[in-house]
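Chain by chain, the residues:
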Amino acid sequence: VEACVLYGLKRRAAGFLRSNKIAALFMKVGKSFPLAEELCKKVQDLEQLIENARNQVQGIPENVRKMPKLPNLSPQAIKHLWIRTALFEKVLDKIVHYLVENSSKYYEKEALLMDPVDGPILASLLVGPCALEYTKMKTADHFWTDPSADELVQRHRIHSSHCRQDSPTKRPALCIQKRHSSGSMDDRPSLSARDYVESLHQNSRATLLYGKNLTLSLRFSSQRDDMEAIPGYLSLHQTADIMALKWTPNQLMNGSVGDLD
């Protein structure tokens, strides 16, 4: 984002002697855009805290003691403090959108934000990240922390679909089966439901390349002597070693067997 915003920036827009061009640009925008002005005050307060923390040698001065606790920031976070704070405060997309609308004031003709297509696209792409709450970073033990409520409900549905006693007229519940190297099928859904649900999502071990719900899979029905289509969730995953294609029936995902007559 910083590279895109600085590309083609007029020299007078960032200031001749400014080492931090992003800070200079945001402060200049803040003169005519209230959201940017509020952001500048917050970042400058944070920079003052960081500066005070660096300068203190013995003890903590009284004026610093009353300030909020200094967050644990890495050198990379401090380097991109202005962009990072704008993202956390959910105003980065609005500031970039303002720059796009007033690009002739701040940018040269070849600048990315002067482009009638690329400029608005960049501002639109930032709407998503600015809508998120950055309250908790991923930790080393994130695989063992409590999952979200949605995932717990989904696991419960998958598990409960196998515990339900259905009438003889209904088709048996769909099962999760794990194929071993020997070729045998191990039908223990209650043990593998957690791993299976987690495997359908993006995680540190596998990248979700593609996912589409209500994908129809054709199967032959011996009772009707014809083909029938079953809707399911199709997903393509990439790990360090292989690519895996998965298809999970919506009937199983929803945890309901239903009357298929």
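Residues numbered from 1 in each chain as written. Predicted model: local features only at pLDDT ≥ 70, side-chain atom pairs only at ≥ 80, totals over all residues. Heavy atoms only, no water.

## What about a nonpolar patch on the surface?
Taken together, the side chains of F88, L132 and Y134 make up a nonpolar region of the molecular surface, amounting to roughly 270 Å² of accessible area. As for its placement among the helices and strands, F88 is situated in helix α7 (residues 81–88). (Patch = residues over 30% accessible without salt bridge, like charges linked within 9 Å, V, L, I, M, F, W, Y side chains within 5 Å. Areas by Shrake-Rupley, 256 points an atom, 1.4 Å probe, with all protein chains shown as cover. Salt bridge = Lys/Arg side-chain N within 4 Å of Asp/Glu carboxyl O. Helix = DSSP H or I, 4+ residues; strand = E, 2+ residues; numbered from the N terminus.)

## As for the packing of helix α3 (residues 21–30) against α7
Geometrically, a packed helix pair is captured by the angle between its two axes and the distance between the axes. The N-to-C vectors of α3 and α7 enclose an angle of 50°; their axes lie 8 Å apart at closest approach. Between α3 and α7, the crossing angle belongs to the class labelled oblique. On α7, the residues touching I22, A23, F26 and M27 of α3 are W82, I83 and A86. Grouping the constituent residues of the contact of α3 with α7 by class yields seven nonpolar, no polar and no charged. (Axes fitted to C-alpha atoms, helices over the stretch in contact; angles between N-to-C directions. Parallel < 35°, antiparallel > 145°, perpendicular 65-115°, else oblique. Contact = heavy atoms within 4.5 Å. Nonpolar A, V, L, I, M, F, W, Y, C, P; charged D, E, K, R; others polar.)

## Description of the pattern of salt bridges
The final tally for this structure, using the stated rule, is three salt bridges. The partner of E133 in a salt bridge is K90, with the nearest N and O atoms 2.7 Å apart. Taken together, the positions of E133 in the loop between α11 (127–130) and α12 (149–163) and K90 in the loop between α7 and α8 (92–101) put the pair 43 residues apart, joining distant regions of the chain. A relative accessible area of 57% means that E133 is categorised as exposed. Between E228 and R219 there is a salt bridge, with its nearest N and O atoms 2.9 Å apart. Take R219: its relative accessible area is 36%, and that puts it in the partly exposed class. (Buried < 20%, exposed > 50% of the residue type's maximum accessible area, 1.4 Å probe, protein only.)

Geometry only, nothing functional implied.
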